[in-house]
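Working through the structure, step by step
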Amino acid sequence: MSDGSSGGFAAYFATIDALGRGVEVTDGAGLPLPQEAAITRFIAEARQAHARSNTLFFIGNGGSAAIASHMAIDYSKNGGMRALALNDGAALTCLGNDLGYENVFAGQLTMHARAGDVLVAISSSGRSPSILNAVDVARTRGCFVLTLSGFQPDNPLRTMGDLNLYVANGRYGYVEITHLALCHAMLDMAMERAVPEETTTILETSR
């Protein structure tokens, strides 16, 4: 996709629009899914997790950490869902010092994650060891995993989730803003509509 940054605001936002519309979605088996089906399933998973007294965990590094914090408070306050971002400074520095930075999220999930929780793992490159290790722990704990990645289409994170959203662009700004828009869109849609009756069937047949 062409880079719209040199063509002014209109071209820049046209690129973001095209990236959002062109997000590639796959399931846990690597099969493509329509965007609407993925959104419906994630909304259902998030709502049912909260109803079971489970938690939505958000993780990311750098700009993705800011998205994680933003989404955790919005899903909690606006969406009425139990949500946390695992980027407390003391936890990160403690576990980074004792276990290595690659385990800062995995260590927290080892302590706190339960079967039925939801993990939203955000990484522009899809290659961050701290994110990949956290997803491994979440899967062993029986969590539902949503991944958001970008850059190269063969990034490993893209194959690790129950739902995987991939932004086909190699620039941080475009990938990060699209990830933020995706997370916000799913929350806004969850707040605006009821989950269709067929959601139960979607959840049962996808496991």
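See the structure above.
Being a predicted model, the structure only gives us computed values, none of them experimental.

**Thoughts on the nonpolar core**
Membership of the largest hydrophobic core comes to 37 residues, with the highest contact counts inside it found for Phe 42, Leu 56, Phe 58 and Tyr 75. Counting residues per element, the ones that place at least two in this core are helix 1 (8–21), helix 2 (35–51), strand 2 (56–59), helix 3 (63–77), strand 4 (118–122), strand 5 (144–149), strand 6 (163–166) and helix 7 (172–192). With eight residues, helix 7 is the largest single contributor of residues to this core. Once residues within four sequence positions are removed from consideration, Phe 58 is found in contact with Ala 68, Met 71, Ala 72, Tyr 75, Ala 83, Leu 84, Ala 85, Leu 86 and Val 120. By size, the runner-up hydrophobic cluster in this structure holds 22 residues, among which are Val 104, Leu 119, Val 137 and Leu 157.

**What about helix 5 (residues 104–112)?**
Given 3.6 residues per turn, any residue in an α-helix points the same way as the ones three and four places further on. Of all the positions in helix 5, only Val 104, Phe 105, Ala 106, Gly 107, Gln 108 and Leu 109 are classed as buried. Buried positions along helix 5 lie against strand 2, helix 4 (89–99), strand 4 and helix 6 (129–140).

**A short note on the sheet that holds strand 4**
Two modes of strand pairing occur in sheets, parallel and antiparallel, and in both the strands are linked by backbone hydrogen bonds. Read across the sheet, six strands follow the order 1-6-5-4-2-3 without closing on themselves; strand pairing throughout is mixed. Here the strands that pair on one side only, and so sit at the sheet edges, are strand 1 (24–27) and strand 3 (83–85). Along the sheet, successive strands turn relative to each other by an average axial angle of 15°, direction set aside. Examined bridge by bridge, strand 5 and strand 6 share four bridges and lie parallel to one another.

**Section: the packing of helix 3 against helix 7**
Close contact between helix 3 and helix 7 brings their axes to 10 Å; oriented N to C, the two are set at 10°. Here helix 3 lies roughly parallel to helix 7, going by the angle between them. For the pair formed by helix 3 and helix 7, the contact residues are Gly 63, Ser 64, Ile 67, His 70, Met 71, Asp 74 and Tyr 75 on the first element and Glu 176, His 179, Leu 180, Cys 183, His 184, Met 186 and Leu 187 on the second. Residues belonging to the contact of helix 3 with helix 7 are distributed by class as follows: seven nonpolar, five polar and two charged.

**Here's the deal with the side chain of Asp 117**
Following the sequence through the fold, Asp 117 ends up in the loop between helix 5 and strand 4. As a buried residue without a salt bridge, Asp 117 has its nearest oppositely charged side chain in Arg 114, at a separation of 4.2 Å. Within polar-contact distance, the side chain of Asp 117 engages the side chain of Asn 54 at 2.8 Å. Ignoring any residue separated from it by four or fewer positions in sequence, one finds Asp 117 in contact with Asn 54, Thr 55, Phe 57, His 112, Cys 143 and Phe 144.

**Observations concerning the packing of aromatic side chains**
For any pair of aromatic rings, geometry is given as the distance between the ring centres together with the angle between the planes. Following the criterion strictly, the structure yields six aromatic pairs and no others. Each residue in the set Phe 9, Tyr 12, Phe 13 and Tyr 174 is aromatic and connected to the rest through ring pairs, giving one cluster.

**Let's talk about the pairing of strand 2**
Burial along strand 2 is two-sided: the face carrying Leu 56 and Phe 58 and the face carrying Phe 57 and Ile 59 are both buried. With three bridges joining them, strand 2 and strand 3 adopt parallel strand pairing. Note that in strand 3 the partner of Phe 57 across the bridge is Leu 84. Between the parallel pair strand 2 and strand 3, the chain is carried across by helix 3, and the sense of this crossover is right-handed.

**Regarding the environment of Pro 153**
Positionally, Pro 153 belongs in the loop between strand 5 and strand 6. Through-space distance from the C-alpha of Pro 153 to that of Asn 169 is 9.2 Å; in sequence the pair is 16 residues apart. Look past the residues within four positions of Pro 153 in its chain and what remains in contact with it is Arg 158 and Tyr 166.

**With respect to the environment of Asn 155**
Mapping Asn 155 onto the fold places it in the loop between strand 5 and strand 6. Spatially, the C-alpha atom of Asn 155 lies 6.9 Å from that of Ser 125, the residues being 30 residues apart in sequence. Filtering out sequence-adjacent residues up to four positions away, Asn 155 remains in contact with Ser 125, Gly 126, Arg 127, Ser 149, Gly 150 and Tyr 166. A polar contact is formed between the side chain of Asn 155 and the backbone oxygen of Gln 152, at a distance of 3.0 Å. Engagement of the side chain of Asn 155 in a polar contact is seen with the backbone nitrogen of Leu 157, the distance being 3.2 Å.

Thresholds, definitions, all that
- Per chain, residue numbering runs from 1 following the sequence as it is written.
- Local features are withheld for residues below a pLDDT of 70 in this predicted model, meaning they are given only at 70 or higher, and side-chain atom pairs are given and counted only at 80 or more; totals for whole chains, interfaces and linings count all residues.
- Hydrogens and waters are ignored; side-chain quantities use all the structure's heavy atoms.
- We call a set of buried residues a nonpolar core when its members are Ala, Val, Leu, Ile, Met, Phe, Trp, Tyr or Cys and they connect through side-chain atoms within 4.5 Å of each other.
- Type-normalised accessible area, obtained with a 1.4 Å probe on protein chains alone, sets the label of each residue: buried when under 20%, exposed when over 50%, and partly exposed for intermediate values.
- Starting at the N terminus, helices and strands are each numbered in turn, a helix being any DSSP run of H or I of at least four residues and a strand any DSSP run of E of at least two.
- It only takes one pair of heavy atoms within 4.5 Å for two residues to be counted as in contact.
- Between any two strands, at least two bridges found by DSSP are needed for them to pair.
- Axis lines are fitted through C-alpha atoms, for helices just across the contact stretch, and the angle between N-to-C directions can take any value from 0 to 180 degrees.
- Every angle not falling under 35 degrees, over 145, or within 65 to 115 is termed oblique; those three ranges are roughly parallel, roughly antiparallel and roughly perpendicular.
- Ten residues, namely Ala, Val, Leu, Ile, Met, Phe, Trp, Tyr, Cys and Pro, are considered nonpolar, four, namely Asp, Glu, Lys and Arg, are considered charged, and the remaining ones, Gly among them, are considered polar.
- Charge counting treats Lys and Arg as positive and Asp and Glu as negative, with His and both chain ends excluded.
- Every case where a carboxyl oxygen of Asp or Glu lies within 4 Å of a side-chain nitrogen of Lys or Arg is listed as a salt bridge.
- Whenever two N or O atoms come within 3.5 Å, that pair is a polar contact, provided that in protein one can donate a hydrogen and the other can accept it, and provided that, for residues adjacent in sequence, both atoms are side-chain atoms.
- Side-chain rings of Phe, Tyr and Trp (the six-membered ring for Trp) are treated as a pair once their centres are within 6.5 Å; stacked means planes under 30 degrees apart, edge-to-face means over 60, and tilted covers the remaining angles.
- For the handedness criterion, the strands are oriented away from the viewer, and a crossover whose path from the first strand over the helix to the second runs clockwise is classed as right-handed.

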